[in-house]
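Structural overview
Residue strings, one per chain:
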Amino acid sequence: MMLRTMASRVLDDNDRDEVLALLDADPVSNVFVASRVRAVGLSPARLGGQMWGFGPRGGLISLCYAGANLVPVNAGAEAVHAFAERARKQGRRCSSIVGPSDAVEPLWERLEPFWGAARAIRWAQPVMEATEPSPVPADPLVRRVRPEEFEILLPACVAMFTEEVGVSPEIGDGGALYRSRVAELIRIGRSYARIDEGRVVFKAEIGAVTPQACQIQGVWVHPELRGRGHAVAGMASVLKHALDCFAPVVSLYVNDYNAPARAAYRRAGFREVGTFMSVLF
């Protein structure tokens, strides 16, 4: 039997308080979307996409950020159906679907017949968090990257992205958008690295920040230096900086098959609290 439900609607700045209340109910899972809304509001021109809502004004139940990524928030079966219908009619504009696995999987099941095969699917990505400094010593050489070190850091960022996502961020626009994002994170003090004699040993960024939580991304260790403890000590350092400077909860998500990374994060003080899924195009 076909599921019948109400339609989704495009939200605007009049919905901001209600949207943030819904996002703040699960600050770790929703840190990416919440950080975007807090920074620029809900106007599509500033948001870089649309925010879809499910439920009437004053009774909002679920959200879906539809920009470079498609990100469902607190989406049960009826909301997933409504968001899938809108996404199907609009056509694919995103480079990925990402979010809690219990929403992303049924959303993708509805969209795959219309959007075609994905380039890659990460079926299970443990979400991890930490609320206290690491139990292991932090690497004292991990620090904020300086603007003049951009060209040193960039190749490490490109290598991390390519290794993680499977395509280079320099495809398409020659890397202009990606370079801009790397430079912006350096400028606002959310890019961290250990750089020894011009070589990046370890790096990570704090990609999303709200008053309740922040999210570490882009963790990378130089391939020639892996297995020497740089990831654990580096993450301990970034965790300390994040707790001191940004938010009381620090999170990340990682592919389930990346056993070395999961072990390093656990040693650094992170614990698994949920599961994401990503569909990559």
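Residues numbered from 1 in each chain as written. Predicted model: local features only at pLDDT ≥ 70, side-chain atom pairs only at ≥ 80, totals over all residues. Heavy atoms only, no water.

As recorded by an unreviewed UniProt entry, the chain carries the name N-acetyltransferase domain-containing protein and is attributed to Streptosporangium saharense.

A separate point is the packing of aromatic side chains. Enumeration according to the criterion identifies 7 aromatic pairs in this entry. Ring centres 5.8 Å apart and planes at 80° place the aromatic pair Phe32 and Tyr65 in the edge-to-face group. You can see Phe32 sitting in helix α2 (residues 31-40) and its partner Tyr65 sitting in strand β3 (residues 62-66), a full 33 residues away along the chain. Taking relative accessible area as the criterion, Phe32 reaches 29% and is therefore assigned partly exposed. When the centroid spacing of 5.8 Å and the interplanar angle of 75° are considered together, the rings of Trp115 and Phe281 count as edge-to-face. Of the two residues, Trp115 sits in helix α5 (residues 101-115) while Phe281 sits in the segment after β12 (271-280), which places them 166 residues apart along the sequence. Looking at Trp115, the relative accessible area reads 16%, which means it is buried. Since its relative accessible area comes to 18%, Phe281 is described here as buried. An aromatic cluster of at least three residues, connected via ring pairs, comprises Trp108, Trp115 and Phe281. The ring of Trp52 carries Arg86 above its face, with NZ or CZ at 5.9 Å from the centroid. A cation sits over an aromatic face here: Arg88 above Phe114, 5.2 Å from the ring centre. (Phe/Tyr/Trp six-rings, centres within 6.5 Å; stacked < 30°, edge-to-face > 60°. Helix = DSSP H or I, 4+ residues; strand = E, 2+ residues; numbered from the N terminus. Buried < 20%, exposed > 50% of the residue type's maximum accessible area, 1.4 Å probe, protein only. Lys NZ or Arg CZ within 6 Å of the ring centre and 35° of its normal.)

Moving on to the domain arrangement of the chain. In many analyses, interface size is given as the accessible surface area lost on bringing the parts together. Here the domain parsing of the chain yields domain 1 (9-117) and domain 2 (130-273). The distance between the C-alpha centroids of domain 1 and domain 2 comes to 26 Å. Taken together, the contact between domain 1 and domain 2 spans 9 residues of the former and 11 residues of the latter. Carbon and sulfur atoms make up 76% of the area that domain 1 and domain 2 hide from each other, which totals about 750 Å². Per-residue buried area on domain 1 facing domain 2 is highest for Val28, Val31 and Arg38; these three make up 56% of the total on that side. The tally of links from domain 1 across to domain 2 stands at 0 salt bridges. Sort the elements by how many residues they give to the side of domain 1 that touches domain 2 and α2 lands first, with 5 residues. In terms of residue class, the side of domain 1 that touches domain 2 is built from 6 nonpolar, 1 polar and 2 charged. (Domains from an automatic or database assignment. Contact = heavy atoms within 4.5 Å. Buried area = accessible area lost by both parts, 1.4 Å probe. Salt bridge = Lys/Arg side-chain N within 4 Å of Asp/Glu carboxyl O. Nonpolar A, V, L, I, M, F, W, Y, C, P; charged D, E, K, R; others polar.)

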